[in-house]
Amino acid sequence: MTPLKVVIADDEDLIRAGLRIIIDTEPGLTVVGEAADGATVVPVVRRERPDVVLMDVRMPALDGIQATGRLLALDHPPKVLVVTTFENDDYVYDALRAGASGFLLKRTRPDDLVQAIKLVAAGESLLFPAAIRALAGRRPAGGAGVPGIGRLTGREGDVLRLMTKGLSNHEIAAELVVSQETVKTHVGNVLAKLGARDRTQAVIAAYESGFVSPG
């Protein structure tokens, strides 16, 4: 099986070195590049075409929020996983809104880091839904800019509510007593109607529109 390719973007040499050791010792994962700031990560990603970028949000030259936006505008955008020191950092939520697929803390255990990379690459579950809900709860729900919410069918709305809880396609299928293929179709419809590139963006839209309450 071809290993998942990872790029690490962090301005601290020690952090990058530690992450590289953890990732390169895990079968199925390999680090293909590093960047010491947000500006240099873009050419690295263009050259290496990684599956996942581990992105620090606070970096010189270009922060992780702006860098995430630039990466997702590429022809072959990677999944972006924010790595941060503080989970309640507003920078994290802004990075998620910019298109990051999830986040984790720098003090995360190595096994959890590996699992997070694989989960974000697969894209069928939401990483740390409770933490994303807590971040969303710090922002007011307005509904502006999420017109697609009103076009969801009743079943698509059910699927979106279960997505906010972090359920996988398999778990949603069991909850709704339908096939996984049916769930996959509903998820695709939800993402298309909301203009979301992945589940995290759909969940952010659900909270910001008031469709689902973070509380």
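Further up the page is the structure itself.
A brief report on the enclosed structure follows. (Residues numbered from 1 in each chain as written. Predicted model: local features only at pLDDT ≥ 70, side-chain atom pairs only at ≥ 80, totals over all residues. Heavy atoms only, no water.)

Overview of empty space enclosed by the protein
Here is the rule we go by: Lining residues are defined by having an atom within 4 Å of a point belonging to a cavity or pocket. Those points lie on a 1 Å grid over the protein atoms alone, cavities being sets where a 1.4 Å probe fits but cannot get out and pockets being open sets with protein on both sides within 12 Å along at least five of seven lines. Grid points are joined across faces, edges and corners, and a volume is the space filled by probe spheres set on the points. Secondary structure elements follow DSSP: runs of H or I of four or more residues count as helices, runs of E of two or more count as strands, with numbering from the N terminus. All amino acids are sorted into three groups, where Ala, Val, Leu, Ile, Met, Phe, Trp, Tyr, Cys and Pro are nonpolar, Asp, Glu, Lys and Arg are charged, and the leftover types, Gly among them, are polar.
Considering all chains together, one arrives at one cavity of 30 Å³ or more under this definition. Taken as a whole, the largest cavity encloses approximately 70 Å³ of empty space. Every residue along the wall of the largest cavity is listed here: Lys79, Ser101, Leu119, Val120, Gly123, Ser125, Leu127, Asp198, Arg199 and Thr200. Broken down by secondary-structure element, the contributors of at least two residues to the lining of the largest cavity are helix H5 (110-122) and helix H10 (199-209). The class makeup of the residues in the lining of the largest cavity is three nonpolar, four polar and three charged.

Focus on unusual backbone geometry
Rule in force here: Three labels apply to residues, based on accessible area from a 1.4 Å probe with only protein chains included: buried if under 20% of the type maximum, exposed if over 50%, partly exposed otherwise in between.
The backbone of Arg49 shows a phi angle near 50 degrees, a positive value even though the residue is not glycine. You can see Arg49 is positioned in the loop between helix H2 (38-48) and strand S3 (52-56). Exposure remark for Arg49: the relative accessible area of 47% places this residue in the partly exposed category. Here Ala61, not a glycine, exhibits a phi torsion of approximately 70 degrees, which is positive. Here Ala61 shows up in the loop between S3 and helix H3 (64-72). Note on Ala61: relative accessible area 71%, which makes it exposed.

Side note on helix H7 (residues 154-164)
Our working definition: Whether two residues are in contact is decided by their heavy atoms, any of which lying within 4.5 Å being enough.
For H7, the complete set of buried residues consists of Glu156, Gly157, Val159, Leu160, Leu162, Met163 and Thr164. If you follow the buried residues of H7, they end up packed against helix H6 (129-136), helix H8 (169-176), helix H9 (180-194) and H10. Following H7 by one or two positions, Gly166 adopts a phi angle in the positive range, close to 90 degrees.

Topic: the sheet that holds S3
Operational definition: Only strands that DSSP links by at least two bridges are regarded as paired with each other. The axes used here are C-alpha line fits, helices contributing only the stretch in contact, and every angle between their N-to-C directions lies in the interval 0 to 180 degrees.
In space, the five strands of this open sheet follow the order S2-S1-S3-S4-S5, with parallel pairing throughout. Because the sheet does not close on itself, it has two edges, and the strands there are strand S2 (29-35) and strand S5 (102-105). Between one strand axis and the next, the sheet turns through 25 degrees on average, direction left out of account. Here S3 pairs with strand S4 (residues 79-84) via five bridges, running parallel. Looking at S4, one finds that Val53 is bridged to Val80. Against the sheet, H2 engages strand S1 (4-9), S2 and S3, with an angle of about 140 degrees to S2. Where H3 meets the sheet, it contacts S3 and S4, and its direction lies at approximately 160 degrees from that of S3.

Let's talk about the pattern of salt bridges
So the rule is basically this: The term salt bridge refers to a pairing of a side-chain nitrogen on Lys or Arg with a carboxyl oxygen on Asp or Glu at a separation within 4 Å.
Going through the model one piece at a time under the given rule, you end up with 14 salt bridges. We note a salt bridge from Asp158 to Arg161, for which the minimum N-O separation is 3.4 Å. Linking Asp158 with Arg161, this pair stays in helix H7, spanning three residues, or about one helical turn. For Asp158, a relative accessible area of 29% translates into the label partly exposed.

With respect to H5
Three- or four-residue spacings in an α-helix give side chains the same orientation, since the helix completes a turn every 3.6 residues. Put simply, the test is: Multiplying 1.5 Å by the residue count of a helix minus one yields the expected span of that helix. The directions from the helix axis to the C-beta atoms form the arc being described.
With 13 residues, H5 ought to run about 18 Å at 1.5 Å a step, and its terminal C-alpha atoms sit 19 Å apart, in line with that. Among all positions of H5, only Leu113, Val114, Ala116, Ile117 and Val120 are buried. Along the axis of H5, the buried positions cluster into a sector of 160 degrees, meaning they face one direction only. Projecting away from the buried face of H5 at angles above 90 degrees are the exposed residues Asp111 and Ala122. One or two positions beyond H5, positive phi appears at Gly123, with a value near 75 degrees.

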